[in-house]
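Understanding the architecture of this molecule
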Amino acid sequence: MGRAVREHDVSTYFALIRGINVGRANRVPMADLRRVVAGLGYAEVRTLLNSGNVVFDSERVMTAVRRGALAKAIAAQAGAGVAVMVLSSVDLAAVVAEDPLGSVAADPSRYLVAFTSGWRT
């Protein structure tokens, strides 16, 4: 999945964060989360409601080292160990395109996609 991305191409990424803002545990204000991600040099950082997921743009290729640094910074902000998975918009579009139920699902707003820790692009 994915495509080759050269440095200085702007790509959109999704940081899917597991373990924050669930009930009363590991509460992280979205404004703080956006500041953490922006502080690492990413642009157009945005969050959706209080989901704990972040969308951002980058001119830098998202390497394993950069993914790790992002996960470490988010975990430090959350004050607890959290799992962070980073997907490119190309990867996420491929997941949607490969949906085996796409032709029969009546309400796409009710989709659920799960990624295992071993899934990598």
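Residues numbered from 1 in each chain as written. Predicted model: local features only at pLDDT ≥ 70, side-chain atom pairs only at ≥ 80, totals over all residues. Heavy atoms only, no water.

Strand order in the open sheet made by the 4 strands is β2-β3-β1-β4, with antiparallel pairing throughout. The open sheet has two edge strands with one neighbour each: β2 (43-47) and β4 (83-88). Shown here is a sheet whose adjacent strand axes are inclined to one another by a mean of 20 degrees, direction ignored. Taken together, the 5 bridges between strand β1 (residues 11-18) and strand β3 (residues 54-58) define a ladder with antiparallel strand orientation. Bridge assignment links S11 to a residue of β3, and that residue is S58. (Pairing = 2+ DSSP bridges. Helix = DSSP H or I, 4+ residues; strand = E, 2+ residues; numbered from the N terminus. Axes fitted to C-alpha atoms, helices over the stretch in contact; angles between N-to-C directions.)

This next bit is on unusual backbone geometry. At E44, a position not held by glycine, the phi torsion is positive, near 50 degrees. Residue position: E44 is located in strand β2. Relative accessible area serves as the criterion here: at 55%, E44 is assigned to the exposed category. Even without being a glycine, L49 presents a positive backbone phi close to 50 degrees. Considering the arrangement of structural elements, one finds L49 in the loop between β2 and β3. When its relative accessible area of 75% is taken as the criterion, L49 is described as exposed. (Buried < 20%, exposed > 50% of the residue type's maximum accessible area, 1.4 Å probe, protein only.)

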